[in-house]
Amino acid sequence: MSKKPYRRRLSIELTILTAASAVLALLLLFLLHTAAWKVLDYVLVNPQMVAKQEKKCVSRLQSYIDSNGLTLEDTDKLKEWVSSQRSLILTIYRDNKAVFSSDENIVVSPSDFNDYAMEGDIISGSREYMLQFKDGKAEATMTYMFENRYYIIADVCAGLISFGVFMAILFLFIRHKMKYIALLESELKILKGGDLDYFVTEQGTDELASLAHEINAMRCAIKERQEAEETYQQSSRELVTAMSHDLRTPLTALIGYIDILYMGKYQDPKKQQQYFEALRKKAYQIKDMSDKLFEYFIVFGKDSNDLEMQTAGAAEFIGQVVEESLFDLESKGFTIIRSSNEINCSLSIDVDSIRRVFGNIFSNLLKYADPSMPIRVEYQQQSDRLLIRFENRISRNHSDKKSSNIGLKTCEKIMDEHKGTFEYGQQGETFRIELSLPIW
């Protein structure tokens, strides 16, 4: 499975989202603040509404004066009442002289009625209201900013809405990730149940998506390993069955010859020598089978990571491993016909394993090839592989003999570990082997 790139970390993604949500919330706060204040300005800050609220305030003040029997000298009581009214500036004067003011910028002394006169800019545009005190009437002006509490309420609501939007965005993001985590958990339970064909959902480009991708890679690796183990076990069962049959025949003959010799059922020493030769032949046949079986289990029980890979020139490899064995065949009477293109590549191989492959090939050629017919060997360097082919005529002495092909299966496994191929087959009386190795 190809590795998928993941460029965004979950922490960075969350940081960016938090910052973006904060900016959005601040922008929303500004818009809500501006809109609310404009609406309040339109609804509340107009002459009719201001006059109505001031009249209500004056009415409450007059009721307070009447119920407490206040005089103009009861400034403490007046200050107490004004402080209970939010956003109110009250100035009381008599004969155009200020006798009380809640504005700290205007200093008055009601006890001696100082000569401080109200400046025109203070009362300019303000409405005058008449108040009845116990010691006489007095005029009052006020600035009653009753709308302030509505502005504060509007700002608080705007703040709550903006904060709610900020939290909602984060909640939706976290909820989306939590749903994905829950999905991964449920899918892992499916894999745990043994369904390795189930594809784990991959969403996004963060660590969670990377985790899902790696789970899928692990799932595929486990599935491939299980399939390989099942294939190996099936092959092993078939091999044991075939080898049991192949070993039974020479063993039966071996036991028969031993019984003949043990019981002395031979007529002359020459016959005895024939039996000994037959015993020796069957013993070597059993040894050869057992060696191949041992070699098979060594190769199939070996991990591909245990290979000691070396880089070798292909021409040198052919000369030392292949041609030397071909010269041995020629010395035994075989005819070799070679064909090749230019070989100038390099190979990455485990030398001992590859020698075992060609050892099996030449052992089979020596046993089964017809010496009267040429063995054709072809070397071909392709764009990415080195190809080697063997073709021979099967000897008539072995044409009808069945084999378990244990040596060829061992070769196939070794070549697979080298990322190469090993193919063999028979067409009529011609047997062909083709193997390839990746070039470097």
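Just above sits the structure.
Residues numbered from 1 in each chain as written. Predicted model: local features only at pLDDT ≥ 70, side-chain atom pairs only at ≥ 80, totals over all residues. Heavy atoms only, no water.

1. As for the packing of aromatic side chains
Aromatic ring pairs are defined here through the distance separating the ring centres and the angle between the ring planes. Scanning the entire structure with this criterion turns up 9 aromatic pairs. A centroid spacing of 5.7 Å and a plane angle of 85° characterise the contact between Phe362 and Phe390, whose relative ring orientation is edge-to-face. Residue Phe362 is found in helix H9 (residues 351-368), and its partner Phe390 is found in strand S9 (residues 385-393); the two are separated by 28 residues along the sequence. Look at Phe390 and you get buried, because its relative accessible area is 1%. Three or more aromatic residues link up through ring pairs in this structure, and these residues are Phe317, Phe358, Phe362 and Phe390. (Phe/Tyr/Trp six-rings, centres within 6.5 Å; stacked < 30°, edge-to-face > 60°. Helix = DSSP H or I, 4+ residues; strand = E, 2+ residues; numbered from the N terminus. Buried < 20%, exposed > 50% of the residue type's maximum accessible area, 1.4 Å probe, protein only.)

2. Some words on a negative patch on the surface
Taken together, Glu224, Glu227, Glu229 and Glu230 make up a surface patch of like negative charges. Judged by its relative accessible area of 43%, Glu229 is partly exposed. (Patch = residues over 30% accessible without salt bridge, like charges linked within 9 Å, V, L, I, M, F, W, Y side chains within 5 Å. Areas by Shrake-Rupley, 256 points an atom, 1.4 Å probe, with all protein chains shown as cover. Salt bridge = Lys/Arg side-chain N within 4 Å of Asp/Glu carboxyl O. Lys, Arg positive; Asp, Glu negative; His and termini not counted. Charge placed at Lys NZ, Arg CZ, Asp CG, Glu CD.)

3. Quick notes on unusual backbone geometry
The backbone phi angle of Asp95 is positive, close to 55°, even though this residue is not glycine. Along the chain, the position of Asp95 falls in the loop between strand S1 (88-94) and strand S2 (97-101). Classification of Asp95 by relative accessible area gives exposed; the value is 69%. Positive phi outside glycine occurs at Asn96, with the angle close to 60°.

4. A closer look at the pairing of strand S8 (residues 375-381)
The side-chain alternation of S8 yields one buried face, formed by Ile375, Val377, Tyr379 and Gln381, and one unburied face, formed by Arg376, Glu378 and Gln380. One ladder, built from 5 bridges, connects strand S6 (residues 336-340) with S8; its direction is parallel. Counted as the bridge partner of Ser339 is Glu378 from S8. Relative to S9, S8 runs antiparallel, the two being bridged by 6 bridges. Along S9, the bridge assignment pairs Arg376 with Glu391. (Pairing = 2+ DSSP bridges.)

5. Quick look at the pattern of salt bridges
Here the idea is simple: oppositely charged side chains can pair when their charged atoms come close. Enumeration over the complete set of coordinates arrives at 10 salt bridges. Among the salt bridges present, the one from Glu330 reaches Arg338, with a minimum N-O distance of 3.3 Å. Exposure remark for Arg338: the relative accessible area of 33% places this residue in the partly exposed category. Arg389 is paired through a salt bridge with Glu378; the nearest N and O atoms lie 3.1 Å apart. Of the two residues, Arg389 is situated in strand S9 and Glu378 in strand S8; the sequence distance between them amounts to 11 residues. Classification of Glu378 as partly exposed rests on a relative accessible area of 27%. Through salt bridges with shared partners, a single network forms among Glu323, Glu330 and Arg338.

6. Points about helix H8 (residues 314-331)
Taking 1.5 Å as the rise per residue, H8 with 18 residues should run 26 Å; its terminal C-alpha atoms sit 24 Å apart, in good agreement. Helix geometry: H8 is bent most strongly at Glu323, by close to 35°. Against the buried residues of H8 lie strand S5 (310-313), S6, strand S7 (346-349), H9, S8 and S9. (Expected span 1.5 Å × (residues − 1). Bend = angle between axes of the 7 residues up to and from the residue. Contact = heavy atoms within 4.5 Å.)

7. Concerning a positive patch on the surface
A cluster of basic residues, Lys52, Lys56, Arg60, Arg86 and Arg149, forms a positive patch on the protein surface. Tallying contributions element by element places helix H2 (residues 47-68) first for the positive patch, with 3 residues. With respect to the helices and strands, Arg86 occurs in the loop between helix H3 (75-84) and S1.

8. Some remarks on the sheet that holds S2
Pairing in this open sheet of 4 strands is antiparallel, and the strands run S2-S1-S4-S3 from one edge to the other. Each edge of the open sheet carries a strand with a single partner, namely S2 and strand S3 (128-133). The mean inter-strand angle of the sheet, taken between neighbouring strand axes irrespective of direction, is 35°. Where S1 lies against strand S4 (residues 136-144), 6 bridges are found, and the strand directions are antiparallel. (Axes fitted to C-alpha atoms, helices over the stretch in contact; angles between N-to-C directions.)

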